[in-house]
Amino acid sequence: MRAVVIGSGISGLTAGLMLLRDGHQVWILEQFPTPGGVTAAVSKDGFTWELGQLVLEGLGRDEQLGYVLDELGIYDRLELKRNDRIYSFPDFVIRPPEEYAGPWWRMEKLAELFPEDRTGLEEYCRMYVRFREVVTLARLAERAGGLRGLALKARMYRKLLPLLPRAKWSAERMGAHLFSSEQLQAVFMSILADFVVRPSQFPGLGIPAVNPEPAFDARVPLQVSAVGRQPSYHSIVGGVNALVEVLVDEITSAGGKISTGTEVSRIRVEDGVVKGVTCADGAEIDADLVLASGGAKEVFLDLVGEDSLPEAYVAQIHDVPLMESIFMVHLGVDFDPEALKYARGRGIATQYGDIEDPEFVNTLPVSTARLMVIAVPRLAESLHVIRSLRAAGYTAELVATAYDSDSAKTLREHGVSRVLRPLSDAADEAAARIASDMTEAAQR
Ligand SMILES: Cc1cc2nc3c(=O)[nH]c(=O)nc-3n(C[C@H](O)[C@H](O)[C@H](O)COP(=O)(O)OP(=O)(O)OC[C@H]3O[C@@H](n4cnc5c(N)ncnc54)[C@H](O)[C@@H]3O)c2cc1C
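Figured I'd write up the structure that's included with this text. (Residues numbered from 1 in each chain as written. Predicted model: local features only at pLDDT ≥ 70, side-chain atom pairs only at ≥ 80, totals over all residues.)

1. A word on the overall build of the chain
And then number 1: Looking only at helices and strands, one finds 16 helices and 19 strands in the chain.
And then number 2: Principal-axis analysis of the C-alpha atoms gives the chain an extent of 110 × 55 × 45 Å.
And then number 3: Within the chain, the fraction of its 444 residues that count as buried is 24%.
And then number 4: Considering only contacts in the chain between residues 6 or more positions apart, those separated by 24 or more positions represent 58%. (Helix = DSSP H or I, 4+ residues; strand = E, 2+ residues; numbered from the N terminus. Buried ≥ 20, exposed ≤ 12 C-beta atoms within 10 Å, placed from the backbone. Contact = placed C-beta atoms within 7 Å.)

Laid out in structure tokens, this is it:
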């Protein structure tokens, strides 16, 4: 079958590769100069920005998106990473604690900040677990199918029942019911700005959906209760555009065609059957199947045309709510840019970078350095640097900081020859100074 896919966003590329894997001819037409749609990236002066998507739900191998990538045979071509989400408000910040403090640490922290809303937070937690159980059961039922699927669906409806009286509540009403503090309501609802929707227009039961606890702390287990696992949240190393690059590579290697800078102006339909597309430059491409991934109104009203569609269908398309465009600024700020300025001003060679970036280690003088001092506060980050340095061939001495004796022991086990203990070293130094001052005073 000859298939034309309009649009090279993540949906167009995925559908295109699926069709190719099923043995069809595929031609993807994209109006913009580069493929990727919202998942394309913009590069300038050595920096690359994502246009939209940063975090993906259910990308684990045994999860919804993971199944798709596995089926396409590209799962192993991506490097995934679970991240923590930090929320910064004008007068408080919610960041994962240094030591993992259990799946409800965020609720505890919020209860400390808003003690008047502790009961509401407890009610929210109960609703969160139930909502997650419902969604998990729905997912399991969909995948299981057959009798087992039906049994899972029945279990899902039983779990859903207590939530139903609030099914028609808006997020605004749910927020006001749970929390007296407007600041606390904002903690749970500020993410709605990302969806360009007001709390009064968003379903109240959707609040737990947009506030998944594992997205705030990668250490939070995915097991929601005996019912099963909730989805994980990953980012893709190199950005979502890395997925676009893999898809484009696989499509072209499998004989698919991608033409950028090619706008489709018409989907040709004759006697209710699609015949192909007409491009803005007048080119006609015949096809047995046309798959469009743009907006519903643009596709059906502009490209197909109302006269080729049933009236009731056209009425439905007119009713599709418009998602407004989002303009998002992705801004990276170093914790303390002044520190770099200070060091550079004194002629100290500095290298700016993120130690978690797999490329960062390649910017270090690994083959010539005789000593590396790792002074990051988190043990996991120190271990990550040690592993990256060793993998890059660094064999000389390592020094690292630790804030407790367990971390110091682990660092030694990983080959660190000297462990700095800033707090106890400072205390020892202070004690030695006081003792020496007292001895001097006694001798006088
Ligand atoms: C700012 C922002 C942040 C987001 N964050 C997340 C996130 O963190 N997690 C998440 O899961 N999702 C996120 N999303 C949503 C997600 O990015 C989108 O749902 C997804 O990328 C849409 O993919 P798509 O292929 O359906 O559409 P698009 O990427 O829009 O692709 C459609 C393509 O069709 C092309 N096209 C349209 N009409 C024509 C025509 N006539 N001729 C030729 N080409 C045409 C367009 O140029 C475009 O390239 C975010 C979205 C935005 C905007």
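Next, the rest of the story.
2. Here we look at the site of the ligand
And then number 1: Taken together, 26 residues form the shell around the ligand, and within it Gly7, Gly9, Gly37, Gly52 and Gly294 come nearest.
And then number 2: Considering each element in turn, the shell around the ligand owes the most residues, three residues, to helix α1 (residues 10–21).
And then number 3: Class assignment for the residues of the shell around the ligand results in eleven nonpolar, twelve polar and three charged. (Near = placed C-beta within 6 Å. Nonpolar A, V, L, I, M, F, W, Y, C, P; charged D, E, K, R; others polar.)

3. Concerning the nonpolar core
And then number 1: Counting 31 residues, the largest nonpolar core has Val4, Ile6, Leu247 and Ile251 as its most contacted members.
And then number 2: At the level of secondary structure, the elements contributing two or more residues to this core comprise β1 (2–6), α1, β2 (25–29), α10 (241–253), β13 (264–270), β16 (289–292) and α11 (296–304).
And then number 3: Element by element, the count of residues in this core is highest for α10, at six residues.
And then number 4: Once residues lying within four places of it in the same chain are set aside, the contact partners of leucine 247 are Leu13, Thr14 and Leu17. (Core = buried A, V, L, I, M, F, W, Y, C linked by C-beta atoms within 7 Å.)

4. Points about the sheet that holds strand β14 (residues 273–279)
And then number 1: Read from one edge to the other, the open sheet built from three strands follows the order β13-β14-β15, with strand pairing classed as antiparallel. Whereas interior strands pair on both sides, the edge strands pair on one side only; in this sheet they are β13 and β15 (284–286). For this sheet, the mean inter-axis angle between neighbouring strands, taken without regard to orientation, is 25 degrees.
And then number 2: Relative to β14, β13 runs antiparallel, the two being bridged by six bridges. In the sheet register, valine 269 faces β14, and the bridge partner there is valine 274. (Pairing = 2+ DSSP bridges. Axes fitted to C-alpha atoms, helices over the stretch in contact; angles between N-to-C directions.)

5. Focus: the sheet that holds β1
And then number 1: The strand order across the open sheet built from four strands is β12-β2-β1-β16, with neighbouring strands paired in parallel fashion. A single partner strand is all that each edge strand has here, and the edge strands are β12 (257–259) and β16. For this sheet, the mean inter-axis angle between neighbouring strands, taken without regard to orientation, is 15 degrees.

6. Let's talk about the packing of α1 against α10
And then number 1: It is the contact of α1 with α10, at a shortest axis distance of 10 Å, that shows an interaxial angle of 30 degrees. For the element pair α1 / α10, the angle class is roughly parallel. As for the relative orientation of α1 and α10, their crossing is left-handed in sense. From α1, Leu13, Thr14, Gly16, Leu17 and Leu20 reach across to α10, where they touch Val244, Leu247, Val248, Glu250 and Ile251. (Parallel < 35°, antiparallel > 145°, perpendicular 65-115°, else oblique. Left-handed = near helix turned anticlockwise from the far one by under 90°.)

7. Considerations on unusual backbone geometry
And then number 1: In this model, valine 196 sits at a positive phi of 50 degrees, which is unusual for a non-glycine residue.
And then number 2: Here valine 196 is to be found in the loop between α7 (182–189) and α8 (207–210).
And then number 3: Residue class for valine 196 comes out exposed when judged on the 12 C-beta atoms lying within 10 Å of it.

8. Re helix α6 (residues 171–178)
And then number 1: Among the residues of α6, Ala171, Met174, Gly175 and Leu178 are the ones counted as buried. For α6, the angular spread of the buried residues around the axis is 100 degrees, confining them to a single face.
And then number 2: Those residues of α6 that are buried lie in contact with α4 (118–144), α7 and α8. (Arc of directions from axis to C-beta.)

9. Focus on the environment of arginine 268
And then number 1: The topology assignment puts arginine 268 in strand β13.
And then number 2: Considering only alpha carbons, one finds arginine 268 and leucine 56, 212 residues apart in sequence, at a separation of 35 Å.
And then number 3: Setting aside residues up to four positions removed in sequence, arginine 268 forms contacts with Lys275, Gly276, Val277 and Thr278.

10. Concerning the pairing of strand β3 (residues 41–44)
And then number 1: Pairing analysis gives four bridges linking β3 to strand β4 (residues 47–50), with the strands arranged antiparallel. Looking at the pairing, valine 42 lines up with tryptophan 49 of β4.
And then number 2: Linkage of β3 to β4, two consecutive antiparallel strands, is achieved through a turn of two residues, within which aspartate 45 is found at a positive phi near 50 degrees.

11. Some details on the packing of α6 against α7
And then number 1: Packing of α6 against α7 brings their axes to within 9 Å, and their N-to-C directions diverge by 135 degrees. Taken together, α6 and α7 sit at an angle that is classed as oblique. The crossing of α6 and α7 is right-handed. Listed contacts from α7 to Ala171, Gly175 and Ala176 of α6 are Gln185, Phe188 and Met189.
And then number 2: Class assignment for the residues of the contact of α6 with α7 results in four nonpolar, two polar and no charged.

12. Thoughts on the environment of alanine 154
And then number 1: Along the chain, the position of alanine 154 falls in helix α5 (residues 146–160).
And then number 2: As for alanine 154 and alanine 138, which are separated by 16 residues in sequence, their C-alpha atoms are 9.7 Å apart.

The quantities given are spatial measurements derived from coordinates; they are silent on function.
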